[in-house]
Amino acid sequence: MDSLPPSALRFAATLRVANFGNCRFPDEVAPSLKFPHLRELSLIEVAISEDALHSLLAGCCALEILLLDGNHGIGRLRISSPTLRSIGFSGPWEEKEEEEEEGSEAIKFQELVVEDAPRLERLLPLEPDDGPAAIRVMRAPKLETVGLL
């Protein structure tokens, strides 16, 4: 799996929709990223740390739709967003052969915590058997759908 090329982020300040897939998201890049106009973000089979993901989400101040499908490196995800309306999620993909050779273990997606999401309407596990063991919703007054559609 290759690292995210720097050119992929050239238009970060103007993007409305971003899809990242089958790459490594470097920890050192995420804190400096700002996506002020991003409405939809998809991370599919991306290797990203919890800290990098939280930094990335903090830089998405207009985000409405978040898809996290088969990512690696996220054990606990905390969501606090005034704009987010829909979250789709699943656990990590199968370990790659090189990870098995190195003896590293995949980080299991253990917990999803929605701390404060006043506009959140949908919380959708994509594969219920692969999702987090615990889902906690602290504040999401507009939440109508939890589960598969």
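Use the structure listed above.
No experiment lies behind these values; they were computed from the predicted model shown. Residue numbers run consecutively from 1 along every chain, following the written order of its sequence. Residue-level local features of this predicted model are given only where pLDDT is at least 70; pairs of side-chain atoms are given and counted only at 80 or more, and the full residue set underlies all totals for whole chains, interfaces and linings. The basis for the side-chain values is all heavy atoms of the structure; hydrogens and waters are excluded.

Let's talk about unusual backbone geometry
Then comes step 1: Even without being glycine, Asn22 reaches a positive phi, approximately 50 degrees.
Then comes step 2: Its place among the elements puts Asn22 in the loop between strand E1 (17-21) and strand E2 (40-44).
Then comes step 3: Of note, the phi angle at Glu45 is positive, near 50 degrees, even though the residue is not glycine.
Then comes step 4: A helix here means a DSSP run of H or I that spans at least four residues, while a strand means a run of E at least two residues long, and both kinds are numbered starting from the N terminus. Here Glu45 is to be found in the loop between E2 and helix H1 (50-58).
Then comes step 5: Accessibility expressed as a relative area gives 29% for Glu45, which makes it partly exposed. Only protein chains enter the calculation, and the probe is 1.4 Å; a residue is then buried if its accessible area is under 20% of its type maximum, exposed if over 50%, and partly exposed in between.

Notes on the sheet that holds E2
Then comes step 1: Reading across from one edge, E1-E2-E3-E5-E7-E9 is the order of the six strands in this open sheet, with parallel pairing throughout. Either end of the sheet is taken by a strand with one partner, and the two such strands are E1 and strand E9 (145-146).
Then comes step 2: Two strands qualify as a pair provided DSSP detects at least 2 bridges between them. Pairing of strand E5 (residues 86-92) with strand E7 (residues 122-125) involves four bridges; the strand directions are parallel. Residue pairing in the sheet places Ile87 in a bridge with Leu123 of E7.
Then comes step 3: The sheet strands contacting H1 are E2 and strand E3 (65-70), and the helix crosses E2 at an angle near 165 degrees. Contacts are residue-level and defined by heavy atoms, with any inter-residue pair within 4.5 Å sufficient. The convention used is that axes are lines fitted to C-alpha atoms, helices contributing only their stretch in contact, and that angles between N-to-C directions extend from 0 to 180 degrees.

A short note on the sheet that holds strand E8 (residues 134-137)
Then comes step 1: Spatially, the three strands line up as an open sheet ordered E4-E6-E8, and their pairing is parallel. Here the strands that pair on one side only, and so sit at the sheet edges, are strand E4 (76-80) and E8. Direction aside, the axes of adjacent strands within the sheet are offset by 10 degrees on average.
Then comes step 2: Note that E4 and strand E6 (residues 111-116) share five bridges and pair parallel. Of the residues in E6, the one forming a bridge with Ile79 is Val114.

Things to note about the pairing of E1
Then comes step 1: On E1, burial follows the alternation: Ala18 and Phe20 on one face are buried, whereas Val17, Asn19 and Gly21 on the facing-out side are not.
Then comes step 2: Where E1 and E2 come together, five bridges link them in parallel fashion. Across the sheet, residue Asn19 finds its bridge partner in E2, namely Ser42.

Side note on the packing of aromatic side chains
Between two aromatic rings, the relevant description is the distance of the centres plus the angle of the planes.
Then comes step 1: Stacked, tilted and edge-to-face are the three classes assigned to paired rings of Phe, Tyr and Trp, where Trp is represented by its six-membered ring and a pair needs centres within 6.5 Å; plane angles under 30 degrees give stacked, over 60 edge-to-face, the rest tilted. The full count for this structure, using the stated rule, is two aromatic pairs.
Then comes step 2: For the ring pair Phe20 and Phe25, a centre distance of 5.6 Å and an interplane angle of 90 degrees mean the geometry is edge-to-face. Pair check on accessibility: Phe20 and Phe25 agree, each one buried.

With respect to the pattern of salt bridges
Then comes step 1: Whenever Lys or Arg places a side-chain nitrogen within 4 Å of a carboxyl oxygen from Asp or Glu, that contact is recorded as a salt bridge. Under the definition given, this model contains seven salt bridges.
Then comes step 2: Between Glu64 and Arg39 there is a salt bridge, and its shortest N-O distance comes to 4.0 Å. Of this pair, Glu64 sits in the loop between H1 and E3 while Arg39 sits in the loop between E1 and E2, and the two are 25 residues apart along the sequence.
Then comes step 3: Assessed through its relative accessible area of 38%, Arg39 is described here as partly exposed.
Then comes step 4: For the salt bridge of Arg85 with Glu121, the shortest nitrogen-to-oxygen distance reads 3.2 Å. Note that Arg85 is positioned in the loop between E4 and E5 and Glu121 in the loop between E6 and E7, a separation of 36 residues in sequence.
Then comes step 5: Its relative accessible area of 28% is what places Arg85 among the partly exposed residues.
Then comes step 6: Three or more residues joined by partner-sharing salt bridges are found here, namely Arg76, Glu111 and Arg136.

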